Amino acid sequence: MRSNVKFPGLFILAAGLAAGGLPVSAAKADIKIGAPLALTGPLADEAKKQELVWKMWLEKVNAAGGISVGGTKHKVQLVQYDYQSDGQRAAQLAEKLITDDKVDFLLAPFGSGHTKIVGTIATRYETPIIACAASSESVFDQTSGYLFGTLSPNIGLFGPMVKYFREKMPQLKKVAVLGRDDVFPKSTAQGISAAAKAAGLDVYYDQLYAVGTMDHSASLSAIKAGNPDWVYITGYTQDLILARKQMNDLGVKAPIITMLAGPAYKEYIEGLGNLANGVTSSTWWHQATSYSGVGVWPTTEAFYKEFVAKEKSDPDYIHASCAATVVVLQDAIERAGSLDKKKVRDAIAKTDITTFYGPIKFSANGMNAPRDLPIIQVQDKGIKVLAPADVKNSDMNMIK
Amino acid sequence: MKSRWLPYALFAAWVVVLATTPLWGSNYIVRVAIMIAMFTGLTLSWNFIGGFAGYPSFSTAAFFGIGCYAGALAQRAGVPMVLAWIVATVVVGAIAAALGAIILKMRGHYFAIASIGIVEVARLIISSWGSLTGGGDGLNVPLMSGGPNAVARIFLLVMIVIMIMSFIVTVIVDRSRLGFGLRCIQQNEDAANMVGVNNRLYKVIAYTLSALFCGTIGAAHASWTGYIDPSDSFSILMSVKVPVMCLLGGPGTLLGPVIGTAAFMMLEEVFWANFLDYNRAILGAVIVILIFFLPGGLLALRYRDIARRFGLLREPKMAA
């Protein structure tokens, strides 16, 4: 027998369908910036970083009356949707933002893949879009001029570092590279290994470890046997804390130990204490750099102080890069003196400014021009910048 | 519900609704229509193995993903777009037939787990085979030229055509010896074997049919998006959603997959639009409730009883 209990379900269904027809109305504003964000799902932590800095920027800009377009100030509105870390939904929402919400400009979501998907849609609609967390050049190779990115290509992480270390340690010869078998850590491990070989160094150990590896002793023993001058390990914070501890337990020593991207995050230094001292790394941005330029944050310090006052923790390069996207957008709108998508696109393409985040000038493909990225070192449980010369605030210490 | 022609008329009406969205809706609505047509094709495909034969397959995402990559790689090698979709269909069909011959020896939970394993294995192979597939960086697919309106209309048409083709195959299977044999397998596999149904062959055919259009849809989707990567192409969520849609509508029927997909996707839109934070949890609860109270899907409801209860029908004259 079928019971009558099924009726409530039907009512809920019908009520839900009816409610869904009502559009979510939004306050009126002059400039609309659309942002598909992965607020839930695997990318949630990173997307929240984007949301946070964009809201910080929005408050500051609107408190000052908005963005000046041809002499009049226009308030700014951020229209955002959660795309649940799902690429198909990201595309769907980008289209909704452009056609239903009629946003003027877009900000890309986190990661190369989703940036590519959303960038393709924005390009079809000829809507300018700026990405803050895509460093693979393949993202930028077929978008015909509407997609821009504030991260410079990965390549800037490798060559300058090899060159710098060779200057500091002329007898540098034997290199061991251990990388996590995952998109970004894998490409950086392969990148540094290629750069080291090109510079004539002996990369005697060059392996990847599987995601979730809890014991690096086999790899580390092999590295120890080769008596390395430079050990380069990539992975996420937890991997790198583990690897550094096991290096210590097994007595693996080297004058230079580089880990990417561990030392850029404060959790790494907190987790390792004194053991973190001397470890070097690269980053797209660190608060220890001191840039000054245009935008609502005139200096690196101004951004850092405001961030810490608000969040009680340190910003990382994702925070900074994403905050830089909106600074670029504001600058371009002001220079264009118009909200016309084509004119703003042209203005973005001509950007040549310095911001709290560093210099921003887009290459022909839309990526921030390659530059020597900061090399940092943990010294006395704090972060010091070793290179490039214009932002350095300390000299390199060798370990042992 | 007595009329033999009712399912076809309803399906035709639904096709008209989807196909006319560019005339009355924004491009966002058109995109939703494309997604509905696409998922209806996937659900109709799943119905062959999951509905008719009663084998709980979770391989949909594997076939979709392999289709994405086969189509994208063919297009990158210079094969024209439509031909690349056909190549993807054939490749996926062949892979499904080979895999089916192996894993269809298992039944029930064991089969379900093996079919999930296929998704993971396919994803790992694609992401590790970096020299061919670009690994985790993904692949660019040649973009279709033309403005957003033209592109949306073309892919709406493509997805609707694929949906209609899978519906036609469903009708053919439903009326043929194959459909009868699969229903026998669903009810009692050993008994079916005894009365002369070639279980092994029928199951492999059903499994292959469940893969074919997934391959086409994957390849078309890749051309539409212009970019694919392993995590989006082999999403385990897709493997779960498609069976749920079919169960919601009514497995093993002609119209069940169509109704289930439409209902599920509209519910998803509604909950997503109104409950930003808890939409997944609410959707999950609704699915549990619907499947718990509607074990045969929406099609199994006695609409005549409901109508009578609301006074829409006077007397049960038909009830004999």
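See the structure printed just above.
The notes below deal with the structure included here. (Residues numbered from 1 in each chain as written. Chains lettered and ligands numbered in written order. Predicted model: local features only at pLDDT ≥ 70, side-chain atom pairs only at ≥ 80, totals over all residues. Heavy atoms only, no water.)

**With respect to the interface of chain A and chain B**
Think of interface size as the accessible area that goes away when the parts come together; that is how it is often given. With 40 residues of chain A at the interface, the matching set in chain B holds 45 residues. Both faces considered, chain A and chain B share a buried interface measuring about 4,000 Å² in area, 59% of it formed by carbon and sulfur atoms. Remark: the boundary between chain A and chain B carries three salt bridges. At the junction of chain A with chain B, the criterion picks out ten residue pairs in polar contact (both at pLDDT 80 or more). Contributions of two or more residues to the side of chain A that touches chain B are made by helix 1 (6-20), strand 4 (76-82), helix 3 (87-99) and helix 4 (112-124) of chain A. Among the residues making up the side of chain A that touches chain B, the classes are represented as 15 nonpolar, 14 polar and eleven charged. (Contact = heavy atoms within 4.5 Å. Buried area = accessible area lost by both parts, 1.4 Å probe. Salt bridge = Lys/Arg side-chain N within 4 Å of Asp/Glu carboxyl O. Polar contact = N/O pair within 3.5 Å; in protein donor to acceptor, adjacent residues only side chain to side chain. Helix = DSSP H or I, 4+ residues; strand = E, 2+ residues; numbered from the N terminus. Nonpolar A, V, L, I, M, F, W, Y, C, P; charged D, E, K, R; others polar.)

**A word on the pairing of strand 15 (residues 375-379) of chain A**
Residue and element names in this part refer to chain A. For strand 15, the buried fraction is high: five of the five residues fall into the buried class. A two-sided burial pattern is seen for strand 15, the buried positions comprising Ile375, Gln377 and Gln379 on one face and Ile376 and Val378 on the other. In this sheet, strand 15 lies alongside strand 12 (residues 280-282) in antiparallel orientation, the contact comprising three bridges. By the bridge assignment, Ser281 is partnered in strand 15 with Ile376. Inspection of the sheet shows strand 15 paired to strand 16 (residues 382-387) by five bridges, in the antiparallel sense. (Buried < 20%, exposed > 50% of the residue type's maximum accessible area, 1.4 Å probe, protein only. Pairing = 2+ DSSP bridges.)

**A short note on the packing of helix 4 (residues 60-76) of chain B against helix 5 (residues 81-103) of chain B**
All names here are of chain B. In the contact formed by helix 4 and helix 5, the axes pass within 8 Å of each other and the chain directions differ by 140°. Here helix 5 runs oblique to helix 4, going by the angle between their axes. Crossing geometry of helix 4 relative to helix 5 is assigned as right-handed. Here Phe63, Ile66, Gly67, Ala70, Gly71, Ala74 and Gln75 of helix 4 lie close against helix 5, whose contacting residues are Met81, Ala84, Trp85, Ala88, Val91, Val92, Ile95 and Ala96. Looking at side-chain class alone, the contact of helix 4 with helix 5 contains twelve nonpolar, three polar and no charged residues. (Axes fitted to C-alpha atoms, helices over the stretch in contact; angles between N-to-C directions. Parallel < 35°, antiparallel > 145°, perpendicular 65-115°, else oblique. Left-handed = near helix turned anticlockwise from the far one by under 90°.)

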